[in-house]
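# Report on the structure
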Amino acid sequence: MHITRRRFVAGSIGAAGMAGIGLGPRVAHAQIDLGNVRLDVVSDGALALPGSFVFDPMPKDELQAVLEAQGISPEVLTPPCNVTLMRSSDRTVLFDVGSGPDFAATAGTLGASLDALGVAPEEVTDVIFTHGHPDHLWGLLDDFGDPLFVGARYMMGRAEWDYWLNPATVDQIGEARVAFAVGAERRLRIIEEDMTLFDDGDEVLPGVLARATSGHTPGHMALEVRDGTESVMILGDCIGNHHVAFARPDWLSGSDQDQELAATTRVALLDQLAHEQTRIIGFHLPQGFGRVEKTADAYRFVPGVD
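Note that the structure is a prediction, hence the values are computed from the model and not measured.

A few words now on unusual backbone geometry. Its identity is not glycine, yet Asp96 carries a phi of approximately 75°, on the positive side. Residue position: Asp96 is located in the loop between strand S7 (92-95) and helix H4 (110-116). Given the relative accessible area of 1%, Asp96 is considered buried. Even without being a glycine, Gln287 presents a positive backbone phi close to 65°. On the secondary structure map, Gln287 appears in the loop between strand S15 (279-282) and strand S16 (289-294).

Within the secondary structure, Asp171 is located in helix H7 (residues 169-172). Of the residues examined, Asp171 reaches a relative accessible area of 68% and is grouped as exposed.

Let us now look at the pairing of strand S17 (residues 299-303). Of the pairings in the sheet, the one linking S16 to S17 comprises five bridges and is antiparallel in character. Bridge pairing in S17 links Gly290 to Pro303. Linking S16 back to S17 in an antiparallel pair, the connection comprises four residues.

Counting 36 residues, the largest nonpolar core has Leu94, Val127, Phe129, Phe149, Trp164 and Leu188 as the members making the most contacts within it. At the level of secondary structure, the elements contributing two or more residues to this core comprise strand S6 (80-87), H4, strand S9 (153-157), helix H6 (158-165) and helix H8 (178-190). Those residues in contact with Val127, other than ones at most four positions away along the chain, are Leu94, Val97, Phe149, Ala152, Arg153, Tyr154 and Met155. One finds Met155, Phe198, Leu223 and Val225 within the second-largest nonpolar core, a separate group that totals 23 residues.

All right, on to the side chain of Glu224 then. Inspection of the secondary structure puts Glu224 in strand S13 (residues 221-227). Among the residues examined, Glu224 registers a relative accessible area of 15% and is labelled buried. A polar contact of 3.2 Å, which involves the side chain of Glu224, links it to the side chain of Ser231. Beyond its immediate stretch of four places on either side in the chain, Glu224 contacts Gly207, Val208, Leu209, Ser231, Val232 and Met233.

The seven strands lie next to each other as S11-S12-S13-S14-S15-S16-S17, forming an open sheet whose pairing is mixed. Edge positions in the sheet fall to strand S11 (203-205) and S17, since each of these pairs with one other strand and no more. Taken pair by pair, the neighbouring strands of this sheet meet at an average axis angle of 35°, ignoring direction.

Taking 1.5 Å as the rise per residue, helix H10 (residues 259-276) with 18 residues should run 26 Å; its terminal C-alpha atoms sit 26 Å apart, in good agreement. Packed against the buried residues of H10 are strand S12 (208-212), strand S14 (230-236), helix H9 (244-247), S15, S16 and S17. The positive-phi residue at the C-terminal boundary of H10 is Gln277, with phi of around 55°.

Along H6, the residues classified as buried are Glu160, Trp161, Tyr163, Trp164 and Leu165. The inward-facing, buried residues of H6 abut S9, H7, H8 and strand S10 (195-198).

What counts, and where the lines are drawn
- Counting restarts for each chain, with residues numbered from 1 along the sequence as it is written.
- Where local features are concerned, this predicted model is filtered to residues with pLDDT of at least 70; where side-chain atom pairs are given and counted, the filter is 80 or more; whole-chain, interface and lining totals use all residues.
- Side-chain calculation: all heavy atoms of the structure are included, whereas hydrogens and water are not.
- Helix and strand definitions here come from DSSP, where helices need a minimum of 4 consecutive H or I residues and strands a minimum of 2 consecutive E residues; each element is numbered from the N-terminal end.
- The cut-offs for exposure are 20% and 50% of the maximum accessible area for each residue type, with area from a 1.4 Å probe on protein chains only; residues under the lower value are buried, those over the upper are exposed, and the others partly exposed.
- Strand pairing is defined by DSSP finding a minimum of two bridges between the two strands.
- We call a set of buried residues a nonpolar core when its members are Ala, Val, Leu, Ile, Met, Phe, Trp, Tyr or Cys and they connect through side-chain atoms within 4.5 Å of each other.
- Every residue pair with non-hydrogen atoms within 4.5 Å of one another is taken to be in contact.
- Whenever two N or O atoms come within 3.5 Å, that pair is a polar contact, provided that in protein one can donate a hydrogen and the other can accept it, and provided that, for residues adjacent in sequence, both atoms are side-chain atoms.
- Helix axes are fitted only over the stretch in contact, all axes being lines through C-alpha atoms; the angle between N-to-C directions runs from 0 to 180 degrees.
- Take the residue count of a helix, subtract one, and multiply by 1.5 Å to get its expected span.

Have a look at this one:
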């Protein structure tokens, strides 16, 4: 596996706009050659979230110690949004498509990131979704509400698709996420004829295997890109941050829709990733790319390259 670093400004909203809330321009974090496949971790900007969105279910006395050790504010979180681009001889593939223009003022910069790599939206052949939350799905439409990746076919886990297209979801998802359900259903209907569904264990594309990682959403999928004995796991949000998710993976997180299931998934997945030393790309992990290391009583994220 050959890895190089590449840096470029990927923020179409500009440095001044992002700096206003304490966010600088985002960059492409890594380029990974895996056999004949190249993976680029590219930026869609960042989010600005109240800490309560993640921390509310957690034990406050123990949480404070964890956050202080990591240098994390309990008030505001600014997680990066890392989209994975995969290129081979005949395919240009995106794993998720970012926020687009309608979700967050500090995100939606994927177009600038792809442009910096010389990739035009119409050159994308395949889009594989980890799940249907806005920062992963809403970027499939352009400023006019039309599909941005006009030459692509789309793929999503069957359980995830069924969840967002279920008419009952909007009434069951909870008031804070109603817009998620409405927005996902509208966008998925637009690309319905170009959608292929897959299940746990399926080879979605040659060398790309689906791994069910439910809990953050009902049908969340991670994708493993493999070449021989080398592999990279594209996580989506099944491991949603680099601090509490690693230090206390069994704690419930407010960002997860099924908090109990998500915690069970997270503990099992971290154990496997640490044991096998599988490289990971996390949508909200700093630098995007790294690995999991076992500690005395939990895990830690080791960002970047060795």
